[in-house]
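Structural characterization, general
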Amino acid sequence: MQQYLIDAYNRFIDMGVDGFRIDTAVHIPRVTWNRRFLPALENKLISKYGAAKAKDFYVFGEVAAFVNDKWNRGSVNHSAQFFTWKERATYSADDATAAIEQFNYENNLGTGNQPTSTNAFLQGNVYHAPDKSKFSGMNIIDMRMHMNFGDAPNAFWNGKDSDDSVNDATYNVVYVDSHDYGPNKSSTRYAGGTDAWAENVSLMWTFRGVPTLYYGSEIEFQAGKQIDCGPSCPLANTGRAYYGANLEGSVTAADFGVVSSASGAVATTLGKPLVKHVQRLNQIRRAVPALQMGQYSTEGVTGQMAFKRRYTSGTVDSFALVTVSGTGTFTGIPNGVYTDAVTGTSVTVTNGTLTATVSGKGNLRVYVLSLPGNPAPGKVGTDTAWAR
């Protein structure tokens, strides 16, 4: 059975798939992932793409921990972050026996003796090379943020609180709702309102992790509808209803996120205010490498959802200060000229302090420091109802 599944995954790789979402990963013991499936996947990718390019393949597992705790009811083996780590003990050759041994070993060590990581965090204002030596090869869906996205500041706080227990939280998949649940294990699609959606995506597109939208959320598709009724009601009445009709028509795009013209139903979809907001956030994220891959810190930062991010690699050095839905003050930062990617406003910092003034739910500021060879991009995109 293991080989059959490995062969199936390998066939998808041969077909050109460049990432896997591993459904219900928690139902296979981590030791089996770590010594069977993940090494087989790595071997296939290396043979096809070479060792360097193989690392670009993105694997993330669904470990559905529907609690607000850092550790799922105190059980490390059933917690999402647990699956991002390699084994640290040797177990029996038999997989069933090894699973029991691993469970007991890690359970006895408990939550206080699990590995920790600084891979998601800046050291002061400095980016450091992440340590992947103990990475299992599997990233995760950020279930804790998902559970708390009924309120974006709460999701932000909960995400930060778990990040030191994940091998590298910058690779967490972050979403508000999905084909299974809304926040707080709600059985309905998110219906917090357009301003709340704008705030959620403003946070997701600038905070650490990989922002993810369940199809249709950009137009609040089926908001408040029961996500899954099983066989008791028509699919069209659920949160899983067919969305494709909203995309029918034609689109001409002049550049990334820049629509020159559209016709048919997709033109109506693209005209929605929240769609335009997501498009602009995509443009800002693309223009600021720190928002894509950067580590973050809240050291010296005040504000409800405020943080600094940096990414440094080769000739790229990107440093940004972000605050969402409210004013943020940043102290102990490098002096220099910072330009907001939202408004285009520039501020010269001479005393290591910058205050970014923001009002309005979902509005944000992204002040980017101009560095040698890495000038700030200036204002990116066109104002939206929220990013202005």
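So, a few notes on the structure that sits alongside this text.

Rules of the game
Residues numbered from 1 in each chain as written. Predicted model: local features only at pLDDT ≥ 70, side-chain atom pairs only at ≥ 80, totals over all residues. Heavy atoms only, no water. Helix = DSSP H or I, 4+ residues; strand = E, 2+ residues; numbered from the N terminus. Rg over C-alpha atoms; globule rule 2.2 N^0.38 Å. Buried < 20%, exposed > 50% of the residue type's maximum accessible area, 1.4 Å probe, protein only. Contact = heavy atoms within 4.5 Å. Areas by Shrake-Rupley, 256 points an atom, 1.4 Å probe, with all protein chains shown as cover. Lys, Arg positive; Asp, Glu negative; His and termini not counted. Charge placed at Lys NZ, Arg CZ, Asp CG, Glu CD. Phe/Tyr/Trp six-rings, centres within 6.5 Å; stacked < 30°, edge-to-face > 60°. Lys NZ or Arg CZ within 6 Å of the ring centre and 35° of its normal. Pairing = 2+ DSSP bridges. Salt bridge = Lys/Arg side-chain N within 4 Å of Asp/Glu carboxyl O. Axes fitted to C-alpha atoms, helices over the stretch in contact; angles between N-to-C directions. Parallel < 35°, antiparallel > 145°, perpendicular 65-115°, else oblique. Nonpolar A, V, L, I, M, F, W, Y, C, P; charged D, E, K, R; others polar. Core = buried A, V, L, I, M, F, W, Y, C linked by side-chain atoms within 4.5 Å. Right-handed = clockwise from strand over helix to strand, strands pointing away.

We now examine the overall build of the protein. Summing up its helical and strand segments, the protein has 10 helices and 16 strands in all. Relative to the 2.2 N^0.38 estimate, which gives 21 Å for 388 residues, the radius of gyration of the protein is 22 Å and therefore close to what a compact globule would have. The principal-axis extent of the C-alpha atoms belonging to the protein is close to 60 × 55 × 40 Å. Relative to its full complement of 388 residues, the protein shows a buried share of 49%. Of all intrachain contacts in the protein linking residues separated by at least 6 positions in sequence, the fraction that spans at least 24 positions is 69%. Accessible surface computed for the protein: about 17,000 Å², of which carbon and sulfur atoms make up 52%. Charge separation in the protein, taken as the distance between the mean sites of 34 positive and 33 negative side-chain charges, equals 3 Å.

On to the packing of aromatic side chains, then. In total, this model carries 20 aromatic pairs according to the counting rule given. Ring geometry for Phe82 against Phe83: centres 5.9 Å apart, planes inclined by 80°, an arrangement best described as edge-to-face. An aromatic cluster of at least three residues, connected via ring pairs, comprises Phe121, Phe156, Phe207, Tyr296 and Phe307. Positioned above the aromatic ring of Phe135, the side-chain terminus of Lys132 is 4.9 Å from the ring centre. Here Arg189 stacks its cationic end above the ring of Tyr215, 5.8 Å away from the centre of that ring.

Strand order in the open sheet formed by 3 strands is β9-β12-β15, with antiparallel pairing between adjacent strands. Taken across any chain shown, the strands that pair with only one partner, and hence form the sheet edges, are β9 (301-302) and β15 (353-356). Two elements, β9 and strand β12 (residues 328-331), share 2 bridges in a ladder whose sense is antiparallel. Looking at the pairing, Thr302 lines up with Thr329 of β12.

A word on the pairing of strand β6 (residues 250-255). Bridge analysis of β6 against strand β7 (residues 258-263) gives 5 bridges, and the strand direction is antiparallel. Directly across from Val251, in β7, lies its bridge partner Ala262. With antiparallel pairing between neighbouring strands as the criterion, β6 and β7 make up a hairpin whose turn holds 2 residues, including Gly257 at a positive phi of roughly 70°.

To continue, consider the pattern of salt bridges. As enumerated under the stated definition, the model contains 24 salt bridges in all. The partner of Arg286 in a salt bridge is Asp255, and the shortest N-O contact between them spans 3.9 Å. Of this pair, Arg286 sits in helix α9 (residues 273-287) while Asp255 sits in strand β6; the two residues are 31 residues apart in sequence, bridging distant segments of the chain. Residue class for Asp255 comes out partly exposed when judged on its relative accessible area of 49%. Across the salt bridge formed by Asp383 and Arg280, the nearest N and O atoms sit 3.3 Å from each other. In this pair, Asp383 sits in the segment after β16 (364-369) while Arg280 sits in helix α9, placing the two residues 103 residues apart along the sequence.

One open sheet accounts for 3 strands, arranged β1-β2-β3; its pairing is parallel. Every other strand in the sheet has two partners, leaving β1 (19-22) and β3 (139-140) as the edge strands with one partner each. Sheet analysis places strand β2 (residues 58-61) next to β3, joined by 2 bridges and oriented parallel. Along β3, the bridge assignment pairs Gly61 with Ile140.

The next thing to look at is the packing of helix α7 (residues 194-204) against α9. Two elements in contact, α7 and α9, have axes whose closest approach is 10 Å; the angle formed by their N-to-C orientations is 10°. By the criterion of interaxial angle, the relationship of α7 to α9 is roughly parallel. When α7 is examined against α9, the residues Thr194, Trp197, Ala198, Val201, Ser202 and Met204 are found in contact with a partner set consisting of Leu274, His277, Val278, Leu281 and Arg285. Considering only residue class, the contact of α7 with α9 consists of 7 nonpolar, 3 polar and 1 charged.

Regarding helix α6 (residues 152-162), the residues found buried are Ala152, Pro153, Ala155, Phe156, Asn158, Gly159 and Ser162. Looking at the packing, one finds that the buried side of α6 touches α5 (143-147), α7 and β10 (306-313).

Another aspect to go through is the nonpolar core. Of all hydrophobic cores here, the largest spans 63 residues; its most connected members are Trp33, Met138, Phe149, Val201, Leu203 and Val366. In this structure, Val301, Val349, Leu369 and Leu371 belong to the second largest nonpolar core, which totals 13 residues.

Turning to the pairing of β2, a few remarks are in order. The alternating pattern of β2 places Tyr58 and Phe60 and Val59 and Gly61 on opposite faces, both of which are buried. Chirality of the crossover, the property in question, places the unit of β2, helix α4 (residues 95-109) and β3 among those that are right-handed.

Remember, this is a structural readout, not a statement about activity or role.
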